[in-house]
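Examination of the molecular architecture
Now for the letters of each chain:
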Amino acid sequence: MSELTIGEISKPRFEFRTFGQDFTEAAERMARLSVPVPEKVWRRESDEIYIMSRTNDLNNTKIRDGKMDVKSYVQTVDGLEQWDPKLKAEFPIAKSQLVEEIFPAFMVEQPALAKETYSFEEFIDIIDAHPDLQAVKIHKERFGYMVNNTICEVANVLVNGARLVSVNSESTELDDIQTTLKDLRLEGVENINYLQAIKRVIGMKNLPLAN
């Protein structure tokens, strides 16, 4: 069994994550069951932008600190999702990368691009003008833990100002996550990733959150 370290790259992990209004019991149990973790992950805050596409649920695109990350869905095993980094980009971003990698990941019609490079602001203007894309502002306050050798988190998340709570457990080992879900009393709770949660909040998906 491989040992995970918070903040370090490992092989693609499986993940359980969910979103709702109240996970007080799970959060309290997570804090009590956690082994000590590095101080740098005790509490983290970030402002990010997620690019939502009406036609894509397979590629998760976010922008933070002027850098774009795209993760791709790999598979679901025993209700747990596996995602893998697909690409990284920095602004200003080349037209060629937008045409060859970014917009194909959104699975939408390619917009007309006249320039050879685009700034962050210009890219967001393109997103705002596209009928199937939407830029969503996300603020995260995250509290990190480690339970049963799984990387865990409680997060207060603002989606365009709407407050949600998220809890998650991720690991390369499926059994460790399942044990953690049982210990946190999250068995039977719907697994909802960031893409799905944001789409439900902004109205792209007509589904509720977990609670």
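See above for the structure.
Residues numbered from 1 in each chain as written. Predicted model: local features only at pLDDT ≥ 70, side-chain atom pairs only at ≥ 80, totals over all residues. Heavy atoms only, no water.

**Looking at the pairing of strand E5 (residues 80-90)**
Put simply, the rule is: The pairing criterion for strands is at least two bridges between them, as found by DSSP. Helical segments are the DSSP runs of H or I of at least four residues, strand segments are the runs of E of at least two, and each set is numbered from the N terminus.
Note: strand E1 (residues 14-20) against E5, two bridges, orientation antiparallel. Residue pairing for E5: Glu 15 is matched across the bridge by Glu 81. Looking at chain direction, strand E4 (residues 67-77) and E5 are connected through 10 bridges and run antiparallel. Paired with Gln 75 across the bridge in E5 is Gln 82.

**A closer look at unusual backbone geometry**
The linkage connecting Phe 91 with the following residue, Pro 92, adopts the cis geometry, with an omega of -5 degrees. Here Pro 92 lies in the loop between E5 and strand E6 (93-94). Even without glycine at this site, Asn 148 takes up a positive phi of about 55 degrees. The residue Asn 149 is not glycine, and still its phi comes out positive at about 60 degrees. The residue Asn 149 is located in the loop between strand E8 (133-147) and strand E9 (150-159) in this model.

**A short note on the nonpolar core**
Selection criterion: Buried Ala, Val, Leu, Ile, Met, Phe, Trp, Tyr and Cys residues that are joined via side-chain atoms within 4.5 Å together make up what is termed a nonpolar core. Think of it in three bands: with a 1.4 Å probe and only protein chains considered, a residue is buried below 20% of the maximum accessible area for its type, exposed above 50%, and partly exposed in between. Here, two residues are considered to be in contact whenever any of their heavy atoms come within 4.5 Å of each other.
Within the largest apolar cluster, 23 residues are counted, with the highest numbers of intra-cluster contacts made by Ile 51, Phe 103, Phe 106 and Phe 123. Contributions of two or more residues to this core are made by strand E2 (44-53), E4, E5, helix H2 (95-106), helix H3 (120-129) and E8. Among the elements that line this core, the one with the most residues is H2, at five residues. Excluding residues within four positions of it along the chain, Ile 51 makes contact with Thr 61, Ile 63, Phe 106, Phe 123, Ile 124, Ile 127, Gln 134 and Ala 135. Within the second largest apolar cluster, 17 residues are counted, among which are Phe 19, Tyr 50, Val 157 and Tyr 194.

**Description of the packing of H2 against H3**
Stated formally: Angles here are taken between N-to-C directions and fall from 0 to 180 degrees, while the axes themselves are lines fitted to C-alpha atoms, restricted in helices to the stretch in contact. These descriptions rest on fixed angle ranges, namely under 35 degrees for roughly parallel, over 145 for roughly antiparallel, 65 to 115 for roughly perpendicular, and the rest for oblique. Each crossing gets its hand from how the near helix is turned against the far one by less than a right angle, where anticlockwise is left-handed and clockwise is right-handed. Side-chain classes follow a simple rule in which Ala, Val, Leu, Ile, Met, Phe, Trp, Tyr, Cys and Pro form the nonpolar group, Asp, Glu, Lys and Arg form the charged group, and the remainder, Gly included, forms the polar group.
Axis separation between H2 and H3 bottoms out at 14 Å; the angle between their running directions is 40 degrees. What the angle tells us is that H2 and H3 run oblique. Crossing of H2 over H3 shows right-handed handedness. Residues Leu 98, Ile 102, Phe 103 and Phe 106 of H2 form the contact with H3, whose own contacting residues are Phe 123, Ile 126 and Ile 127. The residue makeup of the contact of H2 with H3, split by class, is seven nonpolar, no polar and no charged.

**Notes on the sheet that holds E8**
With respect to topology, eight strands assemble into a closed barrel ordered E1-E5-E4-E3-E2-E8-E9-E10, the strand pairing being antiparallel. Here the average twist between neighbouring strands, direction ignored, is 35 degrees. Of the pairings in the sheet, the one linking E1 to strand E10 (residues 162-171) comprises seven bridges and is antiparallel in character. From the neighbouring strand, Gly 20 faces E10, where its bridge partner is Val 165. Along the sheet, helix H5 (residues 194-202) contacts E1, E2, strand E3 (59-64), E5, E8, E9 and E10; its crossing angle with E2, the most-contacted strand, is approximately 75 degrees.

**Digging into the packing of aromatic side chains**
For the record, the criterion: Only the six-membered ring of Trp is used, alongside the rings of Phe and Tyr, when aromatic pairs are assigned; centres must lie within 6.5 Å, and planes under 30 degrees apart are stacked while those over 60 apart are edge-to-face, with the rest tilted. We call a charge positioned over a ring when the NZ of a Lys or the CZ of an Arg lies within 6 Å of the ring centre and within 35 degrees of the ring normal.
Under the counting rule described, the total for this entry stands at seven aromatic pairs. Residues Tyr 73 and Trp 83 carry aromatic rings whose centres are separated by 5.7 Å and whose planes lie at 75 degrees to one another, so their mutual orientation is edge-to-face. You can see Tyr 73 sitting in strand E4 and its partner Trp 83 sitting in strand E5, a full 10 residues away along the chain. For Tyr 73, a relative accessible area of 30% puts it in the partly exposed group. Seen from their ring centres, Phe 91 and Phe 120 are 5.6 Å apart, and the 85 degrees between their planes marks the pair as edge-to-face. Of this pair, Phe 91 sits in the loop between E5 and E6 while Phe 120 sits in helix H3, and the two are 29 residues apart along the sequence. On the basis of relative accessibility, which here comes to 26%, the residue Phe 120 falls in the partly exposed class. Within the aromatic cluster, the residues linked to one another by ring pairs are Phe 91, Phe 103, Phe 106, Phe 120 and Phe 123. In this structure, Lys 115 is placed above the aromatic ring of Tyr 118, and the distance from its NZ or CZ to the ring centre is 5.9 Å. Directly above the ring of Tyr 194 sits Lys 140, whose terminal nitrogen or CZ lies 4.3 Å from the centroid.

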